[in-house]
Amino acid sequence: MSLFRCPVCKAPLARGARAYACPSGHSYDLAREGYAYLLPPNQKHSAAPGDDRRMAQARRDFLSKGYYEILLNTLCCQILSLCGESPVILDAGCGEGYYTAGLFQGLEAAGKSPRMAGTDISKFILRSAAKRERGVEFAVASSYRLPLADGAADLLLDCFSPLALEEFRRVLRPGGAFLYVVPGANHLWELKQVLYDHPYPNEERETPYEGFAYERIVPVDGTVTLPNQTDIQNLFCMTPYYWKTPKSGGERLAALGLTEEETERFRRIYCGLCHTLGRRYGTAARFILNYDFTFLAILLSDPTEESFCKSRCLVSPFRRRCFQASSGALELAADESVILAWWKL
């Protein structure tokens with residue numbers, strides 16, 4: 001029998017070869033990767049909630065390189081000290097399954113027989129999660145409406161994900177353990193120093209949570225070195241800063257590791273792509289401007305044939321900025337940007 005419950009009638013779900021089904025006749029197909037979609041339409045706030053394809057790929061590529069292994073190892077040690085021989089564990093907001101799969105494999109290596117489930121609201125990110133570990137059940141679901149029975153979990157993990165206290169209290173058995181991972185005061189401080197003119201540390205305090213009592217607070221400290229722009233951008237894309245960073249901060253981040261001349265060329269092509277999007281598709285198209293297609297334009301451009309001009313822009317209306325004049329490379333990058341944006345809708 002599955003750990004999941006029917007999101008419609010709350011009855012137990014049985015997992016078959018191709019679908020989950022409940023006694024009332026509700027059925028939920030298994031995707032090719034092995035996860036189920038247990039998010040009813042009335043619980044969706046958009047057509048494709050949660051991380052999009054780009055963010056899902058960034059998380060998978062970044063975490064797969066082991067940069068956050070120190071956190072995974074700490075979680076394994078903590079969970080081993082808290083669970084019995086056959087623990088039932090839920091990873092709420094599991095993302096692409098890096099921690100879920102690592103914990104499952106760590107528990108099995110320690111001689112345990114865990115039953116684990118992972119939920120996330122993004123179908124794109126669960127595709128990676130389900131591929132990582134076939135021994136874990138994965139489902140698209142909201143943390144605020146978890147498809148689990150009352151008291152079903154011995155241990156619940158929330159790692160950098162939304163805090164749904166009422167649901168967490170409901171699905172945890174009495175005396176169960178809740179591991180809540182939050183950013184420390186200086187989490188990604190060096191990244192924030194690049195992105196923002198006046199960064200500030202995260203607040204640290206023992207917030208009281210109704211129904212829970214602190215057993216221990218375990219700091220995890222470490223430093224990672226990112227050797228290339230790809231890893232830097234992947235880290236950026238998997239953080240909330242991806243949506244909140246001003247344009248100037250994104251430009252500084254994209255220019256890390258470049259010479260002064262290369263940085264200036266990047267900015268000119270970035271602005272040129274913005275102008276090309278506006279000219280070909282209207283002002284609204286400028287809002288889909290991104291660094292991925294700026295790099296594409298750079299790869300396609302011939303530095304010896306580039307020409308530049310100056311103009312005011314939406315971001316800097318009171319000063320003229322130098323940008324690359326329209327070219328075949330910019331037009332192709334603009335067209336591809338629009339095609340991808342349309343495909344995501």
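Preceding this section is the structure that the text describes.
Heads up: these notes are all about the structure in this document.

So, how was this worked out
Residues numbered from 1 in each chain as written. Predicted model: local features only at pLDDT ≥ 70, side-chain atom pairs only at ≥ 80, totals over all residues. Heavy atoms only, no water. Helix = DSSP H or I, 4+ residues; strand = E, 2+ residues; numbered from the N terminus. Buried < 20%, exposed > 50% of the residue type's maximum accessible area, 1.4 Å probe, protein only. Contact = heavy atoms within 4.5 Å. Pairing = 2+ DSSP bridges. Axes fitted to C-alpha atoms, helices over the stretch in contact; angles between N-to-C directions. Arc of directions from axis to C-beta. Salt bridge = Lys/Arg side-chain N within 4 Å of Asp/Glu carboxyl O.

## Here's the deal with the overall build of the chain
Here comes step 1: Along its length, the chain carries 12 helices and 11 strands.
Here comes step 2: Referenced to the eigenvectors of the C-alpha coordinate spread, the extents of the chain come out at roughly 65 × 45 × 35 Å.
Here comes step 3: For the chain, the proportion of its 345 residues judged to be buried stands at 47%.
Here comes step 4: In the chain, once contacts between residues fewer than 6 apart in sequence are set aside, the share between residues at least 24 apart is 62%.

## A look at the sheet that holds strand S1 (residues 14-15)
Here comes step 1: If you walk across this open sheet you meet the 3 strands as S1-S2-S3, and the pairing is antiparallel. With partners counted over all chains shown, the strands left at the sheet margins are S1 and strand S3 (27-29), one partner each.
Here comes step 2: Taken together, the 2 bridges between S1 and strand S2 (residues 19-21) define a ladder with antiparallel strand orientation. Bridge pairing links Arg 15 to Tyr 20 in S2.

## Here we look at the sheet that holds strand S5 (residues 88-92)
Here comes step 1: Ordered by their spatial adjacency, 6 strands build an open sheet running S4-S7-S6-S5-S8-S9, and the pairing between neighbours is parallel. Taken across any chain shown, the strands that pair with only one partner, and hence form the sheet edges, are strand S4 (36-37) and strand S9 (172-181).
Here comes step 2: Most of the contacts of helix H2 (residues 69-82) go to S9, to which it runs at about 165°, and overall it touches S5, strand S8 (153-159) and S9.
Here comes step 3: Contacting S4, strand S6 (115-120) and strand S7 (137-140), helix H4 (residues 123-132) crosses the sheet at an angle of about 170° to S7.

## Details of helix H11 (residues 291-300)
Here comes step 1: Of all the positions in H11, only Tyr 291, Phe 293, Thr 294, Ala 297 and Ile 298 are classed as buried. One side of H11 carries all its buried residues, which in axial view fall inside an arc of 160°.

## Here's the deal with the pattern of salt bridges
Here comes step 1: With the rule as written, the count across this model stands at 17 salt bridges.
Here comes step 2: A salt bridge links Arg 205 to Glu 203, with the nearest nitrogen and oxygen atoms 3.1 Å apart.
Here comes step 3: Of the residues examined, Glu 203 reaches a relative accessible area of 62% and is grouped as exposed.
Here comes step 4: A single salt-bridge network, built from bridges that share partners, covers Arg 279, Arg 280, Glu 331 and Asp 335.

## Digging into the pairing of S7
Here comes step 1: The alternating pattern of S7 places Glu 137 and Ala 139 and Phe 138 and Val 140 on opposite faces, both of which are buried.
Here comes step 2: Two elements, S4 and S7, share 2 bridges in a ladder whose sense is parallel. Considered in S7, the bridge of Ala 36 is made with Ala 139.

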